[in-house]
Amino acid sequence: MLTARCLSDDTLAHLEAAGHVCVLKDAFDFESRSEIANLILAENCEAALALHLYRGGRLLQGHRIPFGVIFGGTDVNEDANQAEKNTVMGRVLEEARFAVAFTESMKEMAQAQWKARQISLAVTSAVPVQPHAKGKVYVQSQGIATTPNAAFNWNTFLQRSEINQSADNLHIFLLICGLRQVKDPLYLVDAFSAWHQEEPNVHLVIVGPEVDPVFTREVKAKVKRAAGVRLIGEMPQEDLHAVVKNCFAVVNSSVSEGMSAAILEAMDLEVPVLARNIPGNAAVVKHEVTGLLFSNPQEFVHLAKRLVSDPALEKEIVVNGREYVRMYHSWQVERDTYQQLIRKLEGSTED
């Protein structure tokens, strides 16, 4: 089983639990389909699963092995608006055995996007054209299971973050993201820094891998000048879950999201969430019920201050968020779904 782009550890575990031997690769490591062909030959891959219809899926076309795709979010929300990428993704979807969307709205967007393209093609074609997405897109929300490191030392983390204050009086807001523009980690920096100067016990800590080297330099330069804002590199998952469990709130400021695992993990760990009001976030965060949604940096600060000063609101959000994850983001249900879908990849492409 070849997995293109970066699938979650849980997805990989689901496939391996069903008896598949998986080779996990990042699509950014490949420049051409010929490199993928060499990998398939070298590893004797019989099937593939790609995350992101464009970045991962396009590399799997034409190799005569069956594959499925998982929508990433930016493929449907952003890349589909570019004609060339839209065409490529339509062809990927046509060849794929199945596709997975995290939400009903994402499924509807995909079906509308590539059905519309097929209607346009049908006007100039004498051959009947079938919609790429028809009957292929399945909805499966992300399954969540958190495993915080019980031995994690919170005070050591604070020292590493150069936050030299008593942990008892701190309010740490945690932004978890890879450093790339679509995650917009600098969106709240100025507003948060101004708030920190009024209330020195509030801090914003950004945690994540350096995905885009050029943008990473910009982020580092900005954070270095921003009082109350710290930047930490990528962490092991169990340590990251421990950080989430100890922080005051988790923040998401992305321009586009498919479904944020960080938001759902925070809910599972009974930590309140403040998220930018975009479709992917609004699909899992109901304002003032399972979290708080903001539309600009000023509104974020207003809501964050409210959360700090209103323990009853914090408790209500935490209880509702935890219940929401238990009801709608079952790790076992996700496992069952992927193990069923992967059976669609069994057999030759002519089957």
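All of these numbers come straight from a predicted model, not from anything done at the bench.

Some remarks on the side chain of Asp-79
Part 1 of the argument: Among the secondary structure elements, Asp-79 is positioned in the loop between α3 (74-77) and α4 (83-95).
Part 2 of the argument: When neighbours within four sequence positions are excluded, Asp-79 is seen to be in contact with His-52, Tyr-54, Thr-74, Lys-85, Asn-86 and Met-89.

Things to note about the packing of helix α7 (residues 189-198) against helix α12 (residues 297-309)
Part 1 of the argument: Relative to each other, α7 and α12 sit at 40°, their axes nearing to 9 Å. It follows that α7 is oblique to α12 by the angle criterion. As α7 runs across α12, the sense of the crossing is right-handed. Contact with α7, carried on its side by Ala-191, Phe-192, Trp-195 and Glu-198, involves Pro-297, Phe-300, Val-301, Ala-304, Lys-305 and Val-308 of α12 and no other residues of that element.
Part 2 of the argument: In the contact of α7 with α12, the residues fall into eight nonpolar, no polar and two charged.

Here we look at the side chain of Ser-193
Part 1 of the argument: If you trace the backbone, Ser-193 turns up in helix α7.
Part 2 of the argument: Setting aside anything within four residues of it in sequence, one finds Ser-193 in contact with Ala-226 and Ala-227.

Here's the deal with the nonpolar core
Part 1 of the argument: Of all hydrophobic cores here, the largest spans 78 residues; its most connected members are Phe-71, Phe-157 and Leu-174.
Part 2 of the argument: Ranked by residues supplied to this core, first place goes to helix α10 (residues 261-268) with five residues.
Part 3 of the argument: Residues from two domains meet in this core; each of domain 1 (2-143 + 332-345) and domain 2 (154-328) gives at least three.
Part 4 of the argument: Look past the residues within four positions of Leu-174 in its chain and what remains in contact with it is Val-205, Val-207, Val-243, Val-244, Cys-247, Ala-249, Val-250 and Val-251.
Part 5 of the argument: The next biggest cluster of nonpolar side chains, apart from the first, holds 32 residues, and it includes Ala-191, Phe-192, Ile-206 and Ala-249.

Thoughts on the pairing of strand β9 (residues 229-232)
Part 1 of the argument: Here four bridges tie strand β8 (residues 202-207) to β9, and the two strands are oriented parallel to one another. Considered in β9, the bridge of Val-205 is made with Arg-230.

Side note on the pattern of salt bridges
Part 1 of the argument: Tallying each qualifying case throughout the model produces eight salt bridges.
Part 2 of the argument: The salt bridge involving Lys-183 is made with Glu-257; its shortest N-O contact spans 3.0 Å. Of this pair, Lys-183 sits in the loop between β7 (171-176) and α7 while Glu-257 sits in the loop between β10 (249-252) and α10, placing them 74 residues apart in sequence. The same class applies to Lys-183 and to Glu-257, which are both buried.

Notes on the UniProt feature "domain: Glycosyl transferase family" (unreviewed entry) in the protein chain
Part 1 of the argument: Sites flagged by UniProt as "domain: Glycosyl transferase family" (unreviewed entry) map to residues 164-323.
Part 2 of the argument: End C-alpha to end C-alpha, residues 164-323 measures 35 Å, and it is 44% helix and 17% strand.

Let's talk about the packing of aromatic side chains
Part 1 of the argument: Throughout the structure, instances matching the rule amount to ten aromatic pairs.
Part 2 of the argument: Residues Tyr-324 and Tyr-328 carry aromatic rings whose centres are separated by 5.4 Å and whose planes lie at 40° to one another, so their mutual orientation is tilted. Of this pair, Tyr-324 and Tyr-328 both sit in helix α13 (residues 311-328), separated by four residues, roughly a single helical turn.
Part 3 of the argument: The exposure class of Tyr-328 is partly exposed, given its relative accessible area of 47%.
Part 4 of the argument: In this structure an aromatic cluster arises from ring pairing among Phe-173, Phe-192, Trp-195, Phe-248, Phe-294 and Phe-300.
Part 5 of the argument: The ring of Tyr-187 carries Arg-276 above its face, with NZ or CZ at 3.5 Å from the centroid.

The rules we used
Residues numbered from 1 in each chain as written. Predicted model: local features only at pLDDT ≥ 70, side-chain atom pairs only at ≥ 80, totals over all residues. Heavy atoms only, no water. Helix = DSSP H or I, 4+ residues; strand = E, 2+ residues; numbered from the N terminus. Contact = heavy atoms within 4.5 Å. Axes fitted to C-alpha atoms, helices over the stretch in contact; angles between N-to-C directions. Parallel < 35°, antiparallel > 145°, perpendicular 65-115°, else oblique. Left-handed = near helix turned anticlockwise from the far one by under 90°. Nonpolar A, V, L, I, M, F, W, Y, C, P; charged D, E, K, R; others polar. Core = buried A, V, L, I, M, F, W, Y, C linked by side-chain atoms within 4.5 Å. Buried < 20%, exposed > 50% of the residue type's maximum accessible area, 1.4 Å probe, protein only. Domains from an automatic or database assignment. Pairing = 2+ DSSP bridges. Salt bridge = Lys/Arg side-chain N within 4 Å of Asp/Glu carboxyl O. UniProt positions renumbered as here; feature names shortened; annotations may be inferred. Phe/Tyr/Trp six-rings, centres within 6.5 Å; stacked < 30°, edge-to-face > 60°. Lys NZ or Arg CZ within 6 Å of the ring centre and 35° of its normal.

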